[in-house]
Each structure stands twice: as structure tokens, then as C-alpha cells.
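Working through the structure, step by step
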Amino acid sequence: MAKKKATKKVAKKATKKATKKKATKKKAAKKKTAKKKTAKKKTAKKATKKKVAKKATKKKVAKKATKKKVAKKATKKKVAKKKTAKKATKKKTAKKKTAKKNITPQKTKNRVVKRKATTKKVAKKSTKKSTKKTAKKATKKTTPQLSFDPKAHSANLFDSLLELIRMTSAELPNDVQKVILEALEREEKNTSAEYAMNIIKANIELAMKKSQPLCQDTGTILFFVEHPAGFRQGDFTKVVHKAVIKATEIGYLRQNSVDSLTGENKCMNVGPGHPDIHFHEHDKDTVEIRLVLKGGGCENVGAQYALPHTELGAGRDLDGVRKVILDAVQKAQGKGCGPGVLGVTIGGDRGSGYVHSKEQLLRRLDDENTIEDLATLEKDIVSTANELGIGPMGFGGKTTLLGCKIGVLNRLPASYFVSISYMCWAYRRHGIVLKKDNSISKTLY
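Residues numbered from 1 in each chain as written. Predicted model: local features only at pLDDT ≥ 70, side-chain atom pairs only at ≥ 80, totals over all residues. Heavy atoms only, no water.

1. A few points about the overall build of the protein
Helix and strand content of the protein: ten helices and nine strands. Of the contacts formed within the protein by residues at least 6 apart in sequence, a portion of 78% connects residues at least 24 apart. Surface accessibility of the protein: about 29,100 Å² in total, with carbon and sulfur atoms responsible for 58%. (Helix = DSSP H or I, 4+ residues; strand = E, 2+ residues; numbered from the N terminus. Contact = heavy atoms within 4.5 Å. Areas by Shrake-Rupley, 256 points an atom, 1.4 Å probe, with all protein chains shown as cover.)

Quick look at the structure:
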């Protein structure tokens, strides 16, 4: 029994070894077949690559051959063209020879005239072209570059505007101070008029010393800006707004701009119509900025008349203008914080007349009107008003007006307006000229 079991085990092992051998033989056979297949594929790929290369070389050869043919045809055409050109030139020369033989003296004259005319035309054309070129160069040279750029030097512009606001709020111009001191000397001693003028004098000195506002009502902020072409008004306005806000924060200006619908006063003097900036382009290569701070008291006594005015017996002439101006002074009394200064416009419409009357306040008190009749009228208004006895602050006395400045605008046939802007004794008006970097070059008053 034991022998049989041993023989069976031996037989099983033998069968297992035989099956393993068969499996390994099969794997080896599969690997060989796989290798053969891959070798065949590689050889097939090489063959296809060789075929493709042969075709490409054939195409290149064909292209070169076609190019050579095209080049040969082109050269043949060129040669043919040259031959035809030579024939044409020979024909032209032959024609010229025959024409020369047949030329008469009259024909030669005509030809000479024609040649002169053509040369003149050519000369005209060349001169026109040269003049156009020179004109273009001249325009390029004369057109001013953007010399004043508010954005490029905004820090300098901000500082210049802030100083202009401070100066206007705290310091009266020299021409105004001179006239006020002369008025003080004219007033009688120990009168209410002299007392009022002495207070005004002390106020001027204290405001300048402390660099504080001359009046608690710092008024409407009116900028008048004259600038060259290309000046960026929008950029300038942004810097103005920043300077006005800063001036309000540090006390050069009172918070003085009220929303007309809500009655609120929160905008730090920047809102619709405030500050009021008027831009004018001029031919100079400079920027000149003038500032007027116009209080509410004097603004309230401004007036506008339409002539003829039957109640005053004022017609459409300078005598009628005189009557309505003096009527405005009489009605103002001391409510405009006199002694005052008048800016007057004859003509224009209701809007332009008032704007132009404020622009008259930019003139110096010691200047003289270039129109002789208006210069005479200005002096007459001041001297007559000072005889009305209204005096400083309406207290009586010899000084009702410090000055009167009159301008004129064209009008419609149907209209004749006289617009009067009244300025108080705190005649706050200053101006500056800017350098190229927007710093202050000089003051204007």
C-alpha cells in the first residue's frame, strides 16, 4: 500500500512538470510570434516612409522644373517688350525728324509759347506746394503746447489757490486801502461817520495781522480765469474745489453755501453754482486767476432797471442811466455795508448784464475808463452819491461810494437794461499769475 501511494505521488509530480513545460513552451512561442509581428510592422513603416520621401522629392523636382519654365517665359516676354520698345522709339525719332523737316517759323513760336505756359504751371504748382508746407510748419510752430497742465502740477496749483483764497479773505488790495484812508481823512472829527471809518481801518489792520477774514460773511466765491488754448478747465475745477474745502476747514472761508431746497449748509462751500468759476481764453501764454468774495448784504442791494423808467423820468440815454444808478444808491442806504463800490453794465440781457457788472469790479479803483463819456459818468456818480449824506454804514457823512466802474454791452432793440452790482467796503478782490509749474509768479493788485 505504501509503495502504491509513493508511485501515485511521483506520477502526479511528473504530470505537473509536464504541464508546466507545455505552458512555458506556449509562452515562448507567443513571444516569438509577437516579435515577428513587430519586426514586420517596423519594416512596413520604413517602406512607407521611403515611398513618401520619394514622392516629396518628385514634387520638388516638378516644382523646380515649372519655376524654370515660368522664368524662361518671363525672360522671353521681357525680351519681346524691349524689342517693341526699341521699335517704338525708332518710330518716334523718325516722326521727330520728319516733323523737324516740316516745321515752319510760326510753329516753332507756338511751341515756345506752349513750353513757357507749361513751365509757368509747373512753377505755380511747386510754389503752392512749398507755401502749403511752410504754412503747415508755421502752424505747427505757432500752435501753443499745453504749457499749463493743472493735473501735472496739481499740488502747486492747490497751494497757489489756497494762498489766493487766504489773501483775498484777509487782505484788502492796496488801491482799496488807499481810497478808504483818504475817505477817513475827509470825514469830520468826532462824528458817527469818522467812528465808522476808524472801525473799518482797525478791522483791515487786524485781519491782515492775524490772517483772518475781514468779514464773517466770506460771501459768494467768484473765480475769473483767463487762460491760453488747450487749458484743461475740468482738471482746474477739481483742484479749485479741493482748495475751497481746505480753506473752509482752516477758517479762511465760512461754511457759506446753502441748499436752496432743503436749507441745509453741509457742503463746505462746494455745490451747484458754488464756487462760481468763469473761464475766458486769451492769446497770452499765461494763466491769470482773479478772485472776488462778495458778501450777501451788498449782493442784496444790487439792482436792475429797464429803460425807459417813467417814475424816475429816465430815458434810453446816459442821463437816464445816471438817474437809475443814483436811485439804486439811494435805496441801498447803509444796508450794503457802505461805503460801497458799484459795478455797472449798460445793455446786454438780464443775465449777461449782471455777470458783466461783476466783472467791472475786477478793475482797479484808480484806473480810468477808456470810453471818455463813461469815464466822466463814473466820476459824476461818485461825487454826486457822496453829497447824498448817506455816509458809512448809513450813519451820515461824506463817503457813500468809494468808486463806480461802468461797462457796456450791445442790446436788443426792444431792451435797454442797466445792471448794478453793489460791493461793500470789504472789497475783497485779488489775483495771481501762474508760472509753468502752477506756482505763483506775481500778484495782480
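Picking up after the structure, the text goes on.
2. A short note on the sheet that holds strand β6 (residues 401-408)
Pairing is mixed across the open sheet formed by four strands, whose spatial order is β4-β7-β5-β6. Looking at the sheet topology across the chains shown, the edges are occupied by β4 (303-306) and β6. Across this sheet, the average inter-strand angle for adjacent strands is 15°, counted without regard to direction. The sheet contact formed by strand β5 (residues 340-346) and strand β7 (residues 417-423) spans six bridges and is antiparallel. Counterpart to Ile 346 in the pairing with β7 is Val 418. In this fold helix α9 (residues 350-359) packs onto β4, β5, β6 and β7, with an angle of close to 35° to the strand it touches most, β7. (Pairing = 2+ DSSP bridges. Axes fitted to C-alpha atoms, helices over the stretch in contact; angles between N-to-C directions.)

3. Looking at the sheet that holds strand β8 (residues 428-434)
Overall, mixed pairing links the five strands, which are arranged β2-β1-β3-β8-β9 in an open sheet. The sheet is open, and its two edges are formed by β2 (276-281) and β9 (440-443), each paired on a single side. Here the strands of the sheet are splayed against their neighbours by 20° on average, with no regard to which way each runs. Taken together, the six bridges between strand β1 (residues 220-227) and β2 define a ladder with parallel strand orientation. Across the sheet, Val 225 pairs through a bridge with Phe 279, a residue of β2. Across the sheet, helix α3 (residues 154-170) touches β1, β3 (288-294), β8 and β9, and the angle it forms with β8 is around 155°.

4. Remarks on the pairing of β8
β8 sits mainly inside the fold: seven of its seven residues count as buried. Side chains Arg 428, His 430, Ile 432 and Leu 434 project from β8 onto one buried face, and the interleaved Arg 429, Gly 431 and Val 433 project onto a second face that is buried too. Of the strand pairs in this sheet, β3 and β8 are connected by six bridges, and their pairing is antiparallel. Residue Ile 289 lies in a different strand from β8, and its bridge partner there is Ile 432. (Buried < 20%, exposed > 50% of the residue type's maximum accessible area, 1.4 Å probe, protein only.)

5. Considering the nonpolar core
In terms of nonpolar packing, the biggest core is built from 54 residues, with Ile 180, Ile 325, Leu 342 and Val 418 touching the most fellow members. With seven residues, helix α8 (residues 318-332) is the largest single contributor of residues to this core. Excluding its chain neighbours within four sequence positions, the residues that come into contact with Ile 180 are Leu 172, Met 197, Ile 200, Ile 204, Leu 402 and Trp 425. Listed in part, the 26 residues of the second largest apolar core include Leu 157, Leu 161, Phe 236 and Ala 243. (Core = buried A, V, L, I, M, F, W, Y, C linked by side-chain atoms within 4.5 Å.)

6. What to know about the side chain of Arg 363
Looking at the element boundaries, Arg 363 is found in the loop between α9 and α10 (372-385). In this structure the side chain of Arg 363 is engaged in a polar contact, spanning 3.0 Å, whose partner is the side chain of Asp 367. Of note is the side chain of Arg 363, whose polar atom sits 3.1 Å from the side chain of Glu 378. Sequence-distant contacts of Arg 363, defined by excluding residues within four places in its chain, comprise Glu 368, Asn 369, Glu 378, Lys 405, Ile 406, Tyr 427 and Arg 429. (Polar contact = N/O pair within 3.5 Å; in protein donor to acceptor, adjacent residues only side chain to side chain.)

7. With respect to the pairing of β1
Most of β1 sits inside the fold, with six of its eight residues counted as buried. The sheet contact formed by β1 and β3 spans seven bridges and is antiparallel. Among the inter-strand pairings, Leu 222 is bridged to a residue of β3, identified as Val 292.

8. Remarks on the pattern of salt bridges
Going through the model one piece at a time under the given rule, you end up with 22 salt bridges. Glu 163 is the salt-bridge partner of Arg 166, the closest N and O atoms lying 2.9 Å from each other. In this pair, Arg 166 and Glu 163 are both assigned in helix α3, three residues apart and thus about one turn of the helix distant. Under the relative-accessibility criterion, Arg 166 is labelled buried at 13%. Taking the shortest distance from any N to any O, the salt bridge between Arg 254 and Asp 217 comes out at 3.4 Å. Within this pair, whereas Arg 254 is found in the loop between α6 (233-250) and β2, its partner Asp 217 is found in the loop between α5 (192-210) and β1, the two being separated by 37 residues in sequence. Using a relative accessible area of 37% as the deciding quantity, one classes Arg 254 as partly exposed. One network of salt bridges, with partners in common, ties together Glu 226, Lys 284, Glu 288 and Arg 290. (Salt bridge = Lys/Arg side-chain N within 4 Å of Asp/Glu carboxyl O.)

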